[in-house]
Amino acid sequence: MDDISELQGDILDAALAPEDWCAVLDKIHRRFDASGCDLYMFRNDELVFSAGAGLDVSVPEYIERFIDREPRSLALSSLPTGGIITDLTLVTRSTLKTSDYYAEFLPRFGLSGCIAGSVINTRTHRAYLGIHFPTGRWEFDHELLAGARRLQPM
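The sections below set out a description of the structure shown in this document. Throughout this description, residue numbers start from 1 for each chain and increase along the sequence as written. At least 70 in pLDDT is required for a residue's local features to be given in this predicted model, at least 80 for side-chain atom pairs to be given and counted, and no such filter applies to totals for whole chains, interfaces and linings, which use all residues. For side-chain calculations, the full set of non-hydrogen atoms in the structure is used, while hydrogens and water are omitted.

### Notes on the overall build of the protein chain
Here is the rule we go by: A run of DSSP states H or I qualifies as a helix once it reaches four residues; a run of E qualifies as a strand once it reaches two. Both are numbered from the N-terminal end. Between the two quantities, the radius of gyration covers C-alpha atoms and the globule rule is 2.2 Å times the number of residues to the power 0.38. Remark: exposure states derive from per-residue accessible area (1.4 Å probe, protein chains only) relative to the maximum for the residue type, with buried under 20%, exposed over 50%, and partly exposed in between. Contacts were defined at the residue level, with two residues in contact if any of their heavy atoms lie within 4.5 Å. All accessible areas in this document rest on Shrake-Rupley with a 1.4 Å probe, and a residue is counted as covered only by the protein chains that are shown. Charged-residue counts in this description rest on Lys and Arg as positive and Asp and Glu as negative, His and the chain ends being excluded. To locate a charge, take atom NZ for lysine, CZ for arginine, CG for aspartate or CD for glutamate.
Within the protein chain one finds seven helices and five strands. What you see in the protein chain, going N to C, is helices and strands ordered as α-α-β-β-α-α-β-α-α-β-β-α. Its C-alpha radius of gyration of 14 Å places the protein chain within 12% of the 15 Å reference for a compact globule of 154 residues. With the C-alpha coordinates of the protein chain rotated into their principal frame, the extents come out at 40 × 35 × 25 Å. Considering the protein chain as a whole, with its 154 residues, one finds that 45% of them fall into the buried category. Long-range pairs, those at least 24 residues apart, make up 61% of the contacts in the protein chain between residues at least 6 apart in sequence. Summed over all atoms, the accessible surface of the protein chain reaches about 8,000 Å², with 53% contributed by carbon and sulfur. Averaged over its 15 positive side-chain charges, the protein chain has a centre that lies 5 Å from the centre of its 23 negative ones.

Shown next, in the form of structure tokens:
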């Protein structure tokens, strides 16, 4: 069994035991050599669960200022379950310099590019998985994107 298949199993297990999410996110962030990972779950547009690993980010500030407002969250809200996006598929390089989210918030925590996935997206439930990378990394090779895509449900 390869490491992505093992992670897929860990994700399914964590869906039944939410207390395991931090450990699963930690494995994902190490596997992808990322700065960290996070997971946000919503029911009827209300945040009901969040977890992270390897991130020193102000989650309350992110929720208050950016969830469902910044380009990535807006794109994820309409992305079908199993889909992935990266920041540069959403914005221009100009946006990266002028958006508070990309120009101020992420750099403050040493982050830039993210591969974000839609783990669940129904009329009532949404869940997003983010794999974050250090400042200056915006583009991702085919192998990295293919691995992130395999983590998403089919």
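### Points about helix 7 (residues 142-151)
Stated precisely, the cut-off is as follows: The arc in question is the one spanned by the directions pointing from the helix axis to the C-beta atoms. Whenever a nitrogen or oxygen atom comes within 3.5 Å of another N or O atom, the pair is scored as a polar contact, on the condition that within protein one atom can donate a hydrogen and the other can accept it, and that pairs from neighbouring residues in sequence are kept only if both atoms are in side chains.
For helix 7, every residue scored as buried is listed here: Leu 144, Gly 147, Ala 148 and Leu 151. Looking straight down helix 7, one finds its buried side chains confined to an arc of 95 degrees; they lie on one side. Its side-chain oxygen at 3.3 Å from the backbone nitrogen of Glu 143, Asp 141 defines the N-terminal cap of helix 7.

### Remarks on the environment of Pro 71
Tracing the chain through its elements places Pro 71 in helix 4 (residues 71-77). On the accessibility criterion, Pro 71 (26% relative accessible area) is partly exposed. As for Pro 71 and Tyr 101, which are separated by 30 residues in sequence, their C-alpha atoms are 8.7 Å apart. Residues within four places of Pro 71 in sequence aside, it is in contact with Leu 90, Val 91 and Tyr 102.

### Some remarks on the packing of helix 1 (residues 3-16) against helix 2 (residues 21-31)
Selection criterion: All axes here are fitted lines through C-alpha atoms, helices being fitted over the stretch that makes contact, and every angle between N-to-C directions spans 0 to 180 degrees. These descriptions rest on fixed angle ranges, namely under 35 degrees for roughly parallel, over 145 for roughly antiparallel, 65 to 115 for roughly perpendicular, and the rest for oblique. Less than a right angle of anticlockwise turn of the near helix away from the far helix marks a crossing as left-handed, whereas a clockwise turn marks it as right-handed. Only Asp, Glu, Lys and Arg are considered charged, only Ala, Val, Leu, Ile, Met, Phe, Trp, Tyr, Cys and Pro nonpolar, and every remaining residue, Gly among them, polar.
Here helix 1 crosses helix 2 at 160 degrees, and the two axes come no closer than 9 Å. Compared by their axis directions, helix 1 and helix 2 come out roughly antiparallel. Handedness of the helix 1/helix 2 crossing: left-handed. Within the contact between the two elements, helix 1 uses Asp 3, Ile 4, Glu 6, Leu 7, Asp 10, Ile 11, Ala 14 and Ala 15 and helix 2 uses Trp 21, Val 24, Lys 27, Ile 28 and Arg 31. For the contact of helix 1 with helix 2, the residue count by class is eight nonpolar, no polar and five charged.

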